[in-house]
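Spelled out from the first residue to the last, the chains are:
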Amino acid sequence: VVGGSITSSGTWPNWAPYLILTDTTIAAGNTLTIEPGSQVMFGGNYELVVGGALKAEGTPTSPITFTSNQTSPTPGYWKRIYFSSPNASSNLTYCDLSYGGSSNGILQLASAANKVAIANCTIRSSGTAGIYLYNSSPTITSCNISNNTGDGIYLSWSSPVITDCTMNANGGRGIYSTGSDSIPTLTNVSVTNGSSYALRLSAQALVQASGITVSGNSPNQIEVVGGTISSSGTWPNWAPYLIPVSY
């Protein structure tokens, strides 16, 4: 695939692996559908930019793979799938994303509101974060986000709904919020074996979270980045809470 803009809606059938050889854009107003079982490989530091919609809906037995074309893959080899102000709803279901993330995250959303749903995906071996969100609030459900060089999920001005997800062995936090501007809703989230604090979240996000498991992180603590607690609730005894001096 030699890139350019996709300017009409259509499908990439599961004929053979697709090799991306330059940046590729789904233009606003158009939808690219990728069939279950398809493999999309990147031949260098390239990205798939979504200005319209991406329907990558695999199945448990036929997932869709986005990865490097290297014989021995390395984190950060390709850039990202980048939802940049998309104008329509997108779905990533049963997808395996690996060895991208040379810029911010292997999956990046900017000004995407709640137009992206990510479910039953594996996001691993990024050169930076697994998922990077700016001014975007997708649903992230039943995903495994692991072995990324940076944070599992990075949040800036974003309030995603994260349910039944596992963050394991990431180089940064399991979930990192830049400040109290991000108030994610967390339900049944496990953060284990990370190389930094388990979580960095606003005070309100911690009040409304439930079913959090943290273990084996270094340190195994939860950073509280301030903000106003605007509803009654509880900070359960999940791990020690750290309120930094700057807050």
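Residues numbered from 1 in each chain as written. Predicted model: local features only at pLDDT ≥ 70, side-chain atom pairs only at ≥ 80, totals over all residues. Heavy atoms only, no water.

Draft legend 1. Region of interest: the side chain of Asn170. Tracing the backbone shows Asn170 in the loop between strand 20 (161–168) and strand 21 (175–177). Side-chain polar atoms of Asn170 contact the backbone nitrogen of Asn147, separated by 3.5 Å. (Helix = DSSP H or I, 4+ residues; strand = E, 2+ residues; numbered from the N terminus. Polar contact = N/O pair within 3.5 Å; in protein donor to acceptor, adjacent residues only side chain to side chain.)

Draft legend 2. Looking closely at the sheet that holds strand 1 (residues 4–6). Spatial strand order, 1-4-7-10-13-16-19-21-23-25-26: eleven strands in an open sheet with parallel pairing. Two strands lie at the open edges of the sheet, namely strand 1 and strand 26 (241–242), each paired on one side alone. Looking at chain direction, strand 1 and strand 4 (residues 24–26) are connected through three bridges and run parallel. Bridged to Ser5 within strand 4 is Thr25. (Pairing = 2+ DSSP bridges.)

Draft legend 3. Representation of the pattern of salt bridges in the model. Scanning the entire structure with this criterion turns up three salt bridges. Where Arg80 meets Glu47, a salt bridge forms, and the shortest distance between an N and an O atom there is 2.6 Å. With Arg80 in strand 10 (residues 80–84) and Glu47 in strand 7 (residues 47–50), the pair connects residues that are 33 residues apart, well separated along the chain. By relative accessible area, Glu47 is classed as buried at 9%. (Salt bridge = Lys/Arg side-chain N within 4 Å of Asp/Glu carboxyl O. Buried < 20%, exposed > 50% of the residue type's maximum accessible area, 1.4 Å probe, protein only.)

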